[in-house]
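Chain by chain, the residues run as shown.
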Amino acid sequence: MSERQGEPAERPDEDAGVAHGLPAAAVFDALGAEYERAFAGSAAHRASLDRLLEHLAPGSRVLDVGSGTGVPTARRLAAAGHRVVGVDVSPVMTALAARQVPEAEFRCGDVRELPWADGEFDAVCVYFSLLQMSRGEQTELLGRLARAVKPGGLLAVATVPVDVADAHAVFMGQPVVVSSFGEEEFASVVAGAGFALEERHSVLFTPDHPAGAPEPHLFLHGRRIRRPRPKPFAVTKNKPNE
C-alpha cells in the first residue's frame, strides 16, 4: 500500500493496522455476529452443506476450519448428528459459536499450529477461512488437512477466487491483507494437496452489509485420494560364484 501524501514512511503504532492490515483475530473479534448476518443469505453455502450432508456417514467426525459463530456450518452438521470440532482464531467468534451450537466442540487457536493426527476426521470444511493467509500458507495447510482426513474422506472448501497476493483491502470496514488464487489455480492447489475434486460451483454474492459489494465465490467438493501402499521390495539372494 502506498503512503498517503505528506505522511512519513514510519507511522505510529496506532496506525499500523490501517497501514498493514489487522490480524485475522482482530478483524473477526471486531465483526462478531455482524459477519454472520452479512453472509446468512448465501444459498450457495447452504447448497454446499446439503451436498456434504448427503455424503457423510452417520456420526461422522468433522473439522470446521474457521468456524466463526458456528452458523450455519457447525449448527447444520451438529443438528444432523455429526461430531463437529470447530477451530477459529477469534476468541469472540469462538465464544459466540459455543453459545449458539453447544453440542459441538470449539477451540480458539491458529489452525496452522494445532496438531492433527493422520486420518483423525471423516471430513473437513474450509469456508472462506484461507484468505488472510499467504499463498504458501494456504497450500501447506491444505496438505496438512488432507493428511488429517481419512482416505476417502470428504472436503468442502470455499474461497474468493481472485488472483492476488498480499493485497491490501477493506473488508466490512476492517483493514486486511488478503491472498488468493484464480479459480483454476485454486482447484489445482486443492488437487495437489491430495484431494480428488468431484464438484465445482461458482456464484456471485453480495454480503448484506452497508459496505457489501458483489464478490465471486467458489465452492469445491472432493475426497482424499486413497493412495496405494508401496509394495515391499523383493529380497533376492546372490548365487555364490561357481
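Residues numbered from 1 in each chain as written. Predicted model: local features only at pLDDT ≥ 70, side-chain atom pairs only at ≥ 80, totals over all residues. Heavy atoms only, no water.

A. Representation of unusual backbone geometry within the structure. Residue Val-71 is joined to Pro-72 through a cis peptide bond whose omega torsion reads 10 degrees. Among the structural elements, Pro-72 can be located in the loop between strand 1 (61–65) and helix 5 (73–79). Despite not being glycine, Phe-128 shows a phi value in the positive range, around 60 degrees. Checked against the element boundaries, Phe-128 lands in the loop between strand 4 (121–127) and helix 7 (135–148). Phi is positive for Asp-166, close to 50 degrees, though the residue is something other than glycine. By secondary structure assignment, the location of Asp-166 is in strand 6 (residues 164–171). (Helix = DSSP H or I, 4+ residues; strand = E, 2+ residues; numbered from the N terminus.)

B. Quick look at the side chain of Ser-129. Among the secondary structure elements, Ser-129 is positioned in the loop between strand 4 and helix 7. Of the polar contacts made by the side chain of Ser-129, one reaches the backbone oxygen of Val-65; its length is 3.1 Å. The contacts of Ser-129, once residues within four sequence positions are left out, are Val-65 and Gly-66. (Polar contact = N/O pair within 3.5 Å; in protein donor to acceptor, adjacent residues only side chain to side chain. Contact = heavy atoms within 4.5 Å.)

C. Here's a closer look at the side chain of Glu-215. Within the secondary structure, Glu-215 is located in strand 9 (residues 215–224). We note that Glu-215 is buried and unpaired, the nearest opposite charge coming from Arg-46 at a distance of 14 Å. Here the side chain of Glu-215 touches His-217 through a polar contact of 2.7 Å, side chain to side chain. (Buried < 20%, exposed > 50% of the residue type's maximum accessible area, 1.4 Å probe, protein only. Lys, Arg positive; Asp, Glu negative; His and termini not counted. Salt bridge = Lys/Arg side-chain N within 4 Å of Asp/Glu carboxyl O.)

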